[in-house]
Amino acid sequence: MAALFILLKAAPEEEQHVRFARNLAQAAAAQGHSVTLFALGEGVYNLAAGLGGQHGDYGISLDGQGAVRVLYCHYNAEQRAVAERIPQGFESSATSQAGILVARSDRFVTISA
């Protein structure tokens with residue numbers, strides 16, 4: 001199966017973009033594809049407990065077969081003072097890692113407002 005990399009830069013206020021990222025990740029994972037979602041910039045707010053609200057459950061609701069791997073830019077989370085609010089199970093990473101993951105993916109989607 002193919003590997004899909006989703007770069008999420010949209011803030012929680014851009015709900016239609018966040019919902020699209022989540023639905024795309026779920027649909028691809030359900031088809032057995034390898035899916036990685038990387039939250040960057042304002043996108044890190046979507047993973048923070050109490051800030052992203054209904055969007056903060058990517059990894060939790062997508063466990064098991066075809067699970068979505070969720071990473072976030074640690075520097076961006078620290079800048080926005082939300083690093084401690086991001087639940088366990090989401091991987092702290094760096095922007096440079098995103099470039100490596102893009103190169104290893106079959107498809108790449110950026111979702112930004």
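Refer to the structure presented above.
Let me begin by describing the structure that accompanies this report. All values reported here derive from a predicted model rather than from experimental measurement.

Some words on helix 1 (residues 15-30)
Given 3.6 residues per helical turn, the α-helix brings residues three or four places apart onto the same face. A rise of 1.5 Å per residue sets the reference length of helix 1, with its 16 residues, at 22 Å; its end C-alpha atoms lie 22 Å apart and thus fit the reference within 8%. Every buried residue belonging to helix 1 is among Val18, Ala21, Arg22, Ala25, Ala28 and Ala29, and all of these are buried. Seen along its axis, helix 1 keeps its buried residues to an arc of 140°; they face one direction. Looking at the residues trailing helix 1, positive phi occurs at Gly32, about 90°.

Details of the pairing of strand 2 (residues 34-39)
Among the six residues of strand 2, five are classified as buried, and the element is accordingly described as predominantly covered. The pairing of strand 1 (residues 3-8) with strand 2 spans six bridges and is parallel. When the bridges of strand 2 are listed, Ala3 appears paired with Ser34. Chirality of the crossover, the property in question, places the unit of strand 1, helix 1 and strand 2 among those that are right-handed.

A closer look at the pattern of salt bridges
Counting across every chain of the model gives three salt bridges. In this structure, Arg19 and Glu15 form a salt bridge, with 2.9 Å as the shortest nitrogen-oxygen distance. In this pair, Arg19 and Glu15 are both assigned in helix 1, four residues apart and thus about one turn of the helix distant. Under the relative-accessibility criterion, Arg19 is labelled partly exposed at 40%. On the basis of relative accessibility, which here comes to 33%, the residue Glu15 falls in the partly exposed class. When the shortest N-O distance is used, the salt bridge between Glu91 and Arg69 registers 2.9 Å. With Glu91 in strand 4 (residues 91-93) and Arg69 in strand 3 (residues 68-73), this residue pair connects regions lying 22 residues apart in the sequence. Judged by relative accessible area, which is 31%, Glu91 ranks as partly exposed.

Overview of the nonpolar core
Here is a general trend for soluble globular proteins: nonpolar side chains tend to be buried in one another's company. Ile6, Val35, Leu37, Leu47, Val68, Tyr72 and Ile86 are the most contacted members of the largest nonpolar core, which totals 24 residues. Of all elements in the fold, only strand 1, helix 1, strand 2 and strand 3 reach the threshold of two or more residues within this core. Counting residues per element, this core draws most heavily on helix 1, at five residues. In this structure, Phe5, Leu7, Leu71 and Leu101 belong to the second largest nonpolar core, which totals eight residues.

A short note on the sheet that holds strand 1
Strands sit in the order 4-3-2-1-5 across an open sheet of five strands; the sheet is parallel. Of all the strands in the sheet, the pair left with one neighbour each is strand 4 and strand 5 (107-111). Ignoring strand direction, the axes of neighbouring strands in this sheet form an average angle of 25°. Here five bridges tie strand 1 to strand 5, and the two strands are oriented parallel to one another. The residue bridging Ile6 from the neighbouring strand is Val109, located in strand 5. Relative to strand 1, helix 1 is tilted by about 165°, and along the sheet it contacts strand 1, strand 2, strand 3 and strand 5. Relative to strand 1, helix 4 (residues 95-104) is tilted by about 150°, and along the sheet it contacts strand 1, strand 2, strand 3, strand 4 and strand 5.

What counts and how
Residues numbered from 1 in each chain as written. Predicted model: local features only at pLDDT ≥ 70, side-chain atom pairs only at ≥ 80, totals over all residues. Heavy atoms only, no water. Helix = DSSP H or I, 4+ residues; strand = E, 2+ residues; numbered from the N terminus. Expected span 1.5 Å × (residues − 1). Buried < 20%, exposed > 50% of the residue type's maximum accessible area, 1.4 Å probe, protein only. Arc of directions from axis to C-beta. Pairing = 2+ DSSP bridges. Right-handed = clockwise from strand over helix to strand, strands pointing away. Salt bridge = Lys/Arg side-chain N within 4 Å of Asp/Glu carboxyl O. Core = buried A, V, L, I, M, F, W, Y, C linked by side-chain atoms within 4.5 Å. Axes fitted to C-alpha atoms, helices over the stretch in contact; angles between N-to-C directions. Contact = heavy atoms within 4.5 Å.

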